Amino acid sequence: MNDPIDLIRRQVSDLHQELVRYQLVVWTAGNVSARVPGEDLMVIKPSGVSYDELTPEAMIVCDLDGKVVEGAHSPSSDTAAHAYVYRHLPEVGGVVHTHSTYACAWAARGEAVPCVLTAMADEFGAEIPVGPFALIGDDSIGRGIVDTLRDHRSPAVLMKSHGVFTVGKDAKAAVKAAVMCEDVARTVHISRQLGEPLPIAQAHIDALNHRYQHVYGQQSAAR
């Protein structure tokens, strides 16, 4: 397990179970991928394989053009989208796709989730934006993700009529963003049943986001 690819395979396999744990996926939908540090490679789940059957050995190693380098199965149907993100956003180390219920409801409306909660300001620093409609199978979805998130604080995008894609410094961070995306999408939806949610001033959003990203949690000894 000292091989960096083996380590990433195990991490990606384990993180798929978090999608199930937080009820972000059904059947075989959804996927997690991770960039292999120092290599032009990524690891992603195989297409159409049950979550119960996912193991580190089942994960597929692809190059950043989406071509299989190692693995016994076909890679996820979203491989081209993930690969496009890695090629064009070098700071991204993990990508996640889910069809979580409440976030998908916003995507079906083509409507961004407004930043009306401090938890949203913390994690997303802005609204959760909507990306363009795109068909599965080539890098069209990846282009939409990159075009939407490149100059946006949010690590999550709602691809119109499709679902959630999130990015992060690593795969764990991207999974966290997917979990938080569904949580706030649900809460804001419920809030709208009671009336119009109250906006948060941009200056407060900025302050909350800065604190969460740079102060919150356990800091290194050097800080």
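Parameters and conventions
Residues numbered from 1 in each chain as written. Predicted model: local features only at pLDDT ≥ 70, side-chain atom pairs only at ≥ 80, totals over all residues. Heavy atoms only, no water. Axes fitted to C-alpha atoms, helices over the stretch in contact; angles between N-to-C directions. Helix = DSSP H or I, 4+ residues; strand = E, 2+ residues; numbered from the N terminus. Parallel < 35°, antiparallel > 145°, perpendicular 65-115°, else oblique. Contact = heavy atoms within 4.5 Å. Nonpolar A, V, L, I, M, F, W, Y, C, P; charged D, E, K, R; others polar. Expected span 1.5 Å × (residues − 1). Buried < 20%, exposed > 50% of the residue type's maximum accessible area, 1.4 Å probe, protein only. Polar contact = N/O pair within 3.5 Å; in protein donor to acceptor, adjacent residues only side chain to side chain. Pairing = 2+ DSSP bridges.

A.B. asks: Whenever I open this one, the packing of helix α1 (residues 4–21) against helix α6 (residues 171–194) confuses me. Can you help?
C.D. replies: Two numbers describe a pair of packed helices, the interaxial angle and the distance between the axes. α6 packs onto α1 with a crossing angle of 5° between their chain directions and a minimal axis gap of 10 Å. In terms of axis orientation, α1 runs roughly parallel to α6. Side by side, α1 and α6 meet where L15, E18 and L19 of the first sit next to A171, K172 and V175 of the second. When its residues are assigned to classes, the contact of α1 with α6 shows four nonpolar, no polar and two charged.

A.B. asks: Can you walk me through α6 in this structure?
C.D. replies: Because an α-helix packs 3.6 residues into every turn, residues spaced three or four apart end up facing the same way. For α6, which comprises 24 residues, the first-to-last C-alpha distance of 36 Å matches the rise-based estimate of 34 Å (1.5 Å per residue) to within 8%. Within α6, the full set of buried residues consists of A171, A174, V175, A177, A178, V179, C181, E182, V184, A185 and V188. The N-cap of α6, judged by a side-chain oxygen 3.3 Å from the amide nitrogen of K172 a few residues on, is D170. Looking one or two places after α6, you find G195, whose phi comes out positive at around 150°.

A.B. asks: I'm lost on the pairing of strand β1 (residues 31–35) in this one. Help?
C.D. replies: Each regular strand shows side chains that alternate between the opposite faces of the sheet. Summarising burial for β1: five of the five residues are buried, a large majority. Of the two faces of β1, the one lined by N31, S33 and R35 and the one lined by V32 and A34 are each fully buried. Both β1 and strand β5 (residues 94–98) contribute to a ladder of four bridges, which runs antiparallel. Considered in β5, the bridge of A34 is made with G94. Taken together, the three bridges between β1 and strand β2 (residues 41–44) define a ladder with antiparallel strand orientation. Looking at the pairing, S33 lines up with I44 of β2.

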